[in-house]
Amino acid sequence: MTATPIRVDLNGPARPWKRFWRSTGFSPAELLLEPEMQQALAHLGAVPNRGIEYLRVHYMLDLVKADRLGAYDWTLLDQALDAIIGHRLRPFFELMGNPGKLFTDLNQDAQVRHWRDLVEALARRCVERYGAEEVRNWYFETWNEPDIWWKLGGETGFNNYYDACSEGLKAVDPALRLGGPGVARRVPAIFRSFLAHCDTGTNWFTGETGVRLDFISVHEKGAVKHPEDLTPDTVGICRHEMEAVSYIREHHPRFAGLPFINDECDPQIGWEHYHSWHAMPYFAGLIAKVIDQHQRLLVEAEGVDYDILSNDNGFLGRWGQRTHLAFFGARQFDAAQRDWVTDLAALADRRANPEPFDYVKKPGLTVMELLALLGDRRVDAPGALDPDRTGLGVMATPTADGAAVLLYNSVDRIWRSGTSPVTLEVAGLAPGRYALGIFEIAQDKGDPFSVWEAQARTLPHAEQLAALSTPNAAQLAAMRQAQEPALTVREVEIGADGRLALDLDLLLPSVALVVLASDGAAQADASASAPASSLRVRRDRGLSGPNQLLFWDPPAGGGVQLFDVLWSAAESGPFEAVNPVRLLSSVHLHAVERPGGFYRIRTTDLAGRELSVSATVPAG
């Protein structure tokens, strides 16, 4: 088979590249208070370079207790926000929920004013607790999918609600951003009514014409809601988003330049439906392709200010469900998450008596780690690539010390397979010695699901179900070793022509990130690198015994940083690495026979040279 040539010129024309894919979400908000979700948050917030930065959670305001309008108990909401912020995430804050179920109709004067006061009190509390600079980085959004879930007064009540949200936020800080409406259907009536109100309607509070609108959000997914494996239509997502953009440009041209958001951009509706490809490298390739398509088809071809592409992968679920992590444990989450049920009455007992559980990362999360290593400028890769037809695509970026080039091989049709030979030429490199790293997600590479399946096949029939449902310590360890992207590193010398040629065989489906890091830059980093900091250790009950989850702040600076978790029974050492492969994300779960010991974090560069070692922290 003839290899496809891909040429990347780092000195060619480059355009800024916004990291618009940095968000995820789930429901309901009470999960933020429980150990299963807090361990999941650690994995999300640990993606390098804030590769997952925002967390969009339904029914946050249901955590606010109230016996009467105007008297609110913020305790649980405070704890939930602390959990988000404490894991280096930021709220994409839906102003959704009904404290005490006290609001009934936002066409009523008193209720509209109370809603404004509620939002003002919320914003003031957030600014006091986290600082104005932090909260200005958040997004405040309307009620989720009001074309389905809004029950407090029809379109007029929704517009009154939006005015109250706007005035409440503005009373605390006019720089706090607000938008919406996050509709589920394509240009529905409430979307049109909302835009008209913000454009030429009358502000309920001020009487002014028009209401501020800082961004416009919609939901577009790649297939209808159905439990079967319907083939996603990724180009269709972009095409359907453009229907909303075109409506805005035609009917409300003064909003045409506003940031545009799809905050539930999922390839299928229904996170809970079991499709095995959610656990496979197929999903990683699909995520990479969807991001590339949005950049090419909307940002570059249509001039859309595409601000956020979020997903609903933050739910807790099993291998086949659309989640970042595979959950192992007896507890069932489906009903609460599917029905958005907030059961605060049972929350205290669940928190006091947590059940044992374990997680394994899926390729849909590890691909986010690879995307986070791309630079902030994108260069073209001219040639014969036609990714929307053949599935073979590239995202190429210069970096401070070389280059990061992400290749994907992904088609929408789920069960297609094959191999695509590629010759990658990178031009425009400074002469000298480089570390060449290739991170891969493909069958048997960064593919823990295949390990999970293979484990059961080696066992007697009577033992297979237990191995699949409640794997033992050795089985979990094998899956976790396979959950990291496969990494190969070698040294290359770039000559005076500044070129590197590389032959790759890309499986269908797969993702490969090629990273080049100059030796000179790495040596400079080694001499000046600060250590990882703020190392925290939390204990959870694993299926086979205690788990100690480590979460730390990575050192500031560019380039690829990889981590080893060093453990010793004694503070004086000796310390040894307990992670089987080097880590891209700043999180690690250490399964131990008994709690305790001491930890340090070693930071290395791509070539494996030690950059720093953190202070020693006791396990508790």
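Just so you know, these numbers come straight off a predicted model, no measurement behind them.

The subject of this paragraph is the overall build of the protein. Per the secondary structure count, the protein includes 17 helices and 30 strands. Taken over C-alpha atoms, the radius of gyration comes to 25 Å for the protein, in line with the 25 Å a tight globule of 620 residues would show. Referenced to the eigenvectors of the C-alpha coordinate spread, the extents of the protein come out at roughly 70 × 55 × 55 Å. Summarising the internal contacts of the protein: among those between residues at least 6 apart in sequence, 78% fall at separations of at least 24. Per element, the accessible surface of the protein, about 23200 Å² overall, is 50% carbon and sulfur.

A word on the sheet that holds strand β18 (residues 418–427). Ordered by their spatial adjacency, 3 strands build an open sheet running β1-β18-β21, and the pairing between neighbours is mixed. Edge strands, defined here as strands with exactly one partner in the open sheet, are β1 (4–9) and β21 (500–508). With direction set aside, neighbouring strand axes in the sheet form an average angle of 25°.

Residue position: Asp519 is located in helix α17 (residues 519–528). Here Arg609 takes part through its side chain, which lies 2.6 Å from a polar atom of the side chain of Asp519. Those residues in contact with Asp519 that lie beyond four places of it in its chain are Arg433, Tyr434 and Arg609.

So, about the sheet that holds strand β23 (residues 533–542). Spatial strand order, β23-β24-β27: 3 strands in an open sheet with antiparallel pairing. The open sheet is flanked by β23 and β27 (587–591), the only strands paired with a single partner. Between one strand axis and the next, the sheet turns through 20° on average, direction left out of account. Across 8 bridges, the pairing between β23 and strand β24 (residues 545–553) is antiparallel. Bridged to Ser533 within β24 is Asp553.

In this section: empty space enclosed by the protein. Enumeration over the complete set of coordinates arrives at 4 cavities of 30 Å³ or more. Considering only enclosed or pocket space, the largest cavity measures out at about 160 Å³ in volume. No other element matches the 5 residues that helix α9 (residues 281–302) contributes to the lining of the largest cavity. Here the residues of the lining of the largest cavity are counted per class, giving 11 nonpolar, 2 polar and 1 charged. If you go around the second largest cavity, the residues you meet are Ala40, Leu44, Asn313, Gly314, Phe315, Leu316, Gly317, His324, Leu325 and Tyr359. For the lining of the second largest cavity, a count of residues per class yields 6 nonpolar, 4 polar and no charged.

Next up on the list: the pairing of strand β9 (residues 178–183). With 6 of 6 residues buried, β9 lies mostly within the body of the structure. In the sheet, strand β8 (residues 139–141) pairs with β9 via 2 bridges, with the strands oriented parallel. Looking at β9, one finds that Phe140 is bridged to Leu178. In this structure, β9 lies alongside strand β10 (residues 215–218), joined through 4 bridges in parallel fashion. Note that in β10 the partner of Gly179 across the bridge is Phe215.

Moving on, we get to the nonpolar core. As a rule of thumb, nonpolar side chains are buried together in soluble globular proteins. Ranked by internal contacts, the top residues of the largest apolar core, which has 136 residues, are Leu77, Phe93, Trp115, Phe191, Leu371, Leu406 and Phe439. It is α9 that contributes the most residues to this core, 9 residues altogether. Excluding its chain neighbours within four sequence positions, the residues that come into contact with Leu406 are Ala288, Leu370, Leu371, Leu374, Gly393, Val394, Met395, Val511, Ala512 and Leu513. One finds Leu10, Ala396, Tyr434 and Leu506 within the second-largest nonpolar core, a separate group that totals 27 residues.

What follows is about the packing of aromatic side chains. Tallied over the entire structure, the rule returns 37 aromatic pairs. Taking the centre distance of 5.5 Å and the plane angle of 75° together, the rings of Trp277 and Phe283 count as edge-to-face. Residues Trp277 and Phe283 agree in their burial class; the two are buried. Seen from their ring centres, Phe449 and Trp452 are 5.4 Å apart, and the 35° between their planes marks the pair as tilted. Placement of both Phe449 and Trp452 in helix α14 (residues 448–457) is noted, with a separation of 3 residues, approximately one turn of the helix. For the pair Phe449 and Trp452, a shared accessibility class is recorded, and that class is buried. Clustering of aromatic rings is evident, with ring pairs tying together Tyr59, Phe103, Trp115, Trp143, Trp150, Phe158, Tyr161, Tyr162 and Phe194. A cation over a ring is seen here: Arg177 above Tyr139, with NZ or CZ 3.7 Å from the ring centre.

Right, let's get into the environment of Val492. With respect to the helices, strands and loops of the structure, Val492 is situated in strand β20 (residues 486–494). When the C-alpha positions of Val492 and Ser518 are compared, they lie 9.5 Å apart, and in sequence the two are 26 residues distant.

Procedures and definitions
- Residue indices follow the written sequence of each chain, beginning from 1 at its first position.
- pLDDT decides what is reported in this predicted model: residues at 70 or higher carry local features, side-chain atom pairs at 80 or more are listed and counted, and totals for whole chains, interfaces and linings draw on all residues regardless.
- By convention in this description, side-chain values take in all heavy atoms of the structure and omit both hydrogens and water.
- Secondary structure counts use DSSP, requiring at least four H or I residues in a row for a helix and at least two E residues in a row for a strand, with both numbered from the N terminus.
- What the globule rule says is 2.2 Å times the number of residues to the power 0.38, and the radius of gyration is computed from C-alpha atoms.
- We call two residues contacting when some pair of their heavy atoms lies within 4.5 Å.
- Throughout, the Shrake-Rupley method with a 1.4 Å probe supplies accessible areas, and for residues the shown protein chains are the sole cover considered.
- Here, strands pair whenever DSSP counts at least two bridges between them.
- Lines fitted to the C-alpha atoms define the axes, with helices restricted to the stretch that makes contact. Angles between their N-to-C directions range from 0 to 180 degrees.
- Two N or O atoms count as a polar contact when they lie within 3.5 Å, although within protein this holds only if one can serve as hydrogen donor and the other as acceptor, and sequence-adjacent residues are included solely when both atoms are side-chain atoms.
- A cavity here means a set of points on a 1 Å grid, drawn over the protein atoms and nothing else, where a 1.4 Å probe fits but cannot get out; a pocket is an open set with protein on both sides within 12 Å along at least five of seven lines, and a residue lines either one if it has an atom within 4 Å of a point.
- Grid points are joined across faces, edges and corners, and a volume is the space filled by probe spheres set on the points.
- Here the term charged refers only to Asp, Glu, Lys and Arg, the term nonpolar to Ala, Val, Leu, Ile, Met, Phe, Trp, Tyr, Cys and Pro, and the term polar to all other amino acids, Gly among them.
- The buried label applies to any residue whose accessible area, calculated with a 1.4 Å probe on protein chains only, is under 20% of its type's maximum; exposed applies above 50%, and partly exposed to all values in between.
- For the purposes of this section, nonpolar cores are sets of buried Ala, Val, Leu, Ile, Met, Phe, Trp, Tyr and Cys residues that join through side-chain atoms within 4.5 Å.
- Whether two aromatic rings pair depends on their centres lying within 6.5 Å, for rings of Phe, Tyr and Trp, where Trp uses its six-membered ring; planes under 30 degrees apart make the pair stacked, over 60 edge-to-face, and the rest tilted.
- Placement of a positive charge over a ring is assigned whenever Lys NZ or Arg CZ falls within 6 Å of the ring centre and within 35 degrees of the normal to the ring plane.

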